[in-house]
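Analysis of the macromolecular model
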Amino acid sequence: MNQAVFEPWSDPTQKPLIRFKSVTKQFGSFTAIDDLTLDIFEKEFFALLGPSGCGKTTMMRMLAGFETPTSGVIELAGADIAPLPPNKRAVNMMFQSYALFPHLSVYENIAFGLRRDKVSGDALDARVSEMLKLTRLEKFARRKPHQISGGQRQRVALARSLAKAPKLLLLDEPLGALDAKLRQATQFELMDIQEKTGTTFVIVTHDQEEAMTVASRVAVMDEGRIMQVETPERIYEAPNSLYVADFIGEVNIISGTARAIGDEQFHIDWAEGNAPFLATSSRPFSEGQPCHLALRPEKVGIHAERPEAAENAVQGKILDIAYLGNLSTYHVALPGGQIIKAQTANTRRVSRRSYTWEDTVWLSWTSTAGVLLPE
Ligand code: ATP
């Protein structure tokens, strides 16, 4: 993937492919989408992530034309899409159920939309063949959907959605029906196909790992609003709120009050330890302002002895250990009751040192290891 240099969102001269301008969608008195503004750029693989009921599907349905905004405007390539019926939009939606025609062959399933658009003869065959090749389904062209595997059916649905070369493909939980291993392999295939065709993909998923794997940017939603839109790395490493920090991955939230001690340096007074801990933040905090440090477990070191020269070190007792094969997560209780999770990578098959329940250990983290967030 060439994502390191693909950043149209940070180039002010780039025009978005999709623009939500103050879009609100109400169902009766219930506000499903609340004054939402968002740009999505051509060739992006954009993920909508959020808890059930936050409005992800409603956004997709408005893009596809199955719902209209109560107020605000949605533009596709600079033009308001409201007057266009679903079948006139350069948008296709792939549903979780795939909705393949059971009585038609793989070939005919892919050809279906093209035939309806009066494509025929060599042009039809060329396009279907191209789609079969793209999704590596050439060998299965004559089979019916029930004669192929779940992963292959998923690829047929994808081929069918891409056959008419939409500008925008909406994918609603596209891999939901696949088991974990196949799902992972298919994520990479999806990225590959997205890159080869240059189609803009907007995906809805419940699976945060999936969103982080495939997406150029992720929008984290809550109750009809977008909380943060960023690259997966920024969402993980620089969440802008407790909500986002807590929603993505595992995190320790350590609460306290801030005291500035120098340029972007703060002492945080907290309930644990005999001393404040040190944190760095470019976001300003006033004297005594309540704050929370969002600290990822893998950024917390675990030691038998007090680590020399650690910026922050506290002692605690191991309460629980979750062994995940590649990682171990230790739940360590501090004297005042706060539990901090520390994660270590199991890079050796036989570890030199292991800790067990009830062991007293030291935890450490650097002043830049976490993100300091306001209340
Ligand atoms: P999930 O992940 O569970 O699919 P979602 O984020 O896709 O959730 P939406 O389907 O967009 O959520 O629904 C957002 C909110 O709008 C929900 O509270 C839902 O109950 C409500 N809603 C959606 N469609 C309608 C409708 N036709 N009439 C009334 N309320 C609706």
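Residues numbered from 1 in each chain as written. Predicted model: local features only at pLDDT ≥ 70, side-chain atom pairs only at ≥ 80, totals over all residues. Heavy atoms only, no water.

Looking now at the overall build of the protein chain. On a plain count of helices and strands, the protein chain comes out with 8 helices and 20 strands. Once the C-alpha set of the protein chain is aligned to its principal axes, its extents read approximately 80 × 50 × 40 Å. Buried positions account for 46% of the 375 residues belonging to the protein chain. Of the roughly 18700 Å² of accessible surface on the protein chain, 50% is carried by carbon and sulfur atoms. Mean positive and mean negative side-chain charge positions of the protein chain (41 and 45 charges, respectively) differ by 10 Å. (Helix = DSSP H or I, 4+ residues; strand = E, 2+ residues; numbered from the N terminus. Buried < 20%, exposed > 50% of the residue type's maximum accessible area, 1.4 Å probe, protein only. Areas by Shrake-Rupley, 256 points an atom, 1.4 Å probe, with all protein chains shown as cover. Lys, Arg positive; Asp, Glu negative; His and termini not counted. Charge placed at Lys NZ, Arg CZ, Asp CG, Glu CD.)

Ile110, Val128, Leu132, Leu158, Leu162, Phe201 and Val218 are the most contacted members of the largest nonpolar core, which has 43 residues in total. Val218 has contacts with Ala47, Leu49, Ala211, Gln228, Val229, Glu230, Pro232 and Ile235, leaving out every residue within four places of it along the chain. (Core = buried A, V, L, I, M, F, W, Y, C linked by side-chain atoms within 4.5 Å. Contact = heavy atoms within 4.5 Å.)

Moving on, we come to the packing of aromatic side chains. Considering all chains together, one arrives at 9 aromatic pairs under this definition. Where Phe6 meets Trp9, the ring centres are 5.9 Å apart and the plane angle is 85 degrees; that geometry is what we call edge-to-face. Residue class for Trp9 comes out partly exposed when judged on its relative accessible area of 23%. On the basis of an interplanar angle of 85 degrees and a centroid distance of 6.2 Å, the ring pair of Trp270 and Trp365 is categorised as edge-to-face. (Phe/Tyr/Trp six-rings, centres within 6.5 Å; stacked < 30°, edge-to-face > 60°.)

Neighbouring the ligand are the residues Phe27, Phe30, Ala32, Pro51, Ser52, Gly53, Cys54, Gly55, Lys56, Thr57, Thr58 and His206. Interatomic distance of 2.5 Å between a side-chain N/O atom of Ser52 and an oxygen atom of the ligand. Cys54 places a polar main-chain atom, nitrogen or oxygen, 3.1 Å from an oxygen atom of the ligand. Considering the ligand on its own, with 640 Å² of exposed area, one finds that the protein chains cover 59% of that surface. For the shell around the ligand, the secondary-structure elements that each account for two or more residues are strand 2 (30–40) and helix 1 (56–64). Considering every element that reaches the shell around the ligand, the biggest residue donor is helix 1, with 3 residues. Per-class residue counts for the shell around the ligand are 5 nonpolar, 6 polar and 1 charged. (Near = heavy atom within 4 Å. Polar contact = N/O pair within 3.5 Å; in protein donor to acceptor, adjacent residues only side chain to side chain. Nonpolar A, V, L, I, M, F, W, Y, C, P; charged D, E, K, R; others polar.)

Here we take up the domain arrangement of the protein chain. Considered domain by domain, the protein chain is made up of domain 1 (8–245) and domain 2 (250–374). Computed from C-alpha atoms alone, the centre-to-centre distance between domain 1 and domain 2 is 39 Å. Taken residue by residue, the interface counts 9 residues in domain 1 and 10 residues in domain 2. Between domain 1 and domain 2 lies a buried interface of about 780 Å² when both sides are counted; carbon and sulfur atoms form 55% of it. Considering only the surface of domain 1 that becomes buried against domain 2, Tyr236, Leu242 and Ala245 emerge as the three largest contributors, covering 65% of it. Across the pair Lys299 and Glu237 runs a salt bridge whose closest N-O atoms are separated by 3.2 Å. Looking at the side of domain 1 that touches domain 2, the elements with two or more residues in it are helix 7 (232–237) and helix 8 (242–247). With 3 residues, the single largest contributor to the side of domain 1 that touches domain 2 is helix 7. Broken down by class, the residue content of the side of domain 1 that touches domain 2 amounts to 6 nonpolar, 2 polar and 1 charged. (Domains from an automatic or database assignment. Buried area = accessible area lost by both parts, 1.4 Å probe. Salt bridge = Lys/Arg side-chain N within 4 Å of Asp/Glu carboxyl O.)

Okay, the sheet that holds strand 6 (residues 91–94) next. The mixed open sheet is built from 6 strands, whose spatial order is 6-7-8-3-9-10. The open sheet has two edge strands with one neighbour each: strand 6 and strand 10 (225–230). Neighbour-to-neighbour, the strand axes of the sheet open up by a mean angle of 20 degrees, direction not taken into account. Against the sheet, helix 4 (residues 150–162) contacts strand 6, strand 7 (168–172) and strand 8 (200–205), and its axis sits at roughly 170 degrees relative to strand 6. (Pairing = 2+ DSSP bridges. Axes fitted to C-alpha atoms, helices over the stretch in contact; angles between N-to-C directions.)

Here the focus is helix 3 (residues 121–134). With 14 residues, helix 3 should reach 20 Å at 1.5 Å per residue; the first-to-last C-alpha distance of 20 Å fits that figure. Taken together, the buried positions of helix 3 are Leu124, Arg127, Val128, Met131, Leu132 and Leu134. Viewed end-on, helix 3 has its buried residues packed into an arc of 165 degrees, placing them on one side of the element. Facing away from the buried surface of helix 3 by more than 90 degrees, the exposed residues are Gly121, Asp122 and Lys133. If you follow the buried residues of helix 3, they end up packed against helix 2 (106–116), helix 4 and helix 5 (180–197). (Expected span 1.5 Å × (residues − 1). Arc of directions from axis to C-beta.)

Here helix 5 is 18 residues long and its end C-alpha atoms lie 26 Å apart, about the 26 Å a rise of 1.5 Å per residue gives. The complete set of buried residues in helix 5 reads Arg183, Thr186, Gln187, Glu189, Leu190, Met191, Ile193 and Gln194. Looking at the buried side of helix 5, the elements it contacts are strand 3 (45–49), helix 3, helix 4, strand 8 and helix 6 (208–214). Among the residues trailing helix 5, Gly198 stands out with phi positive, at a value near 70 degrees.

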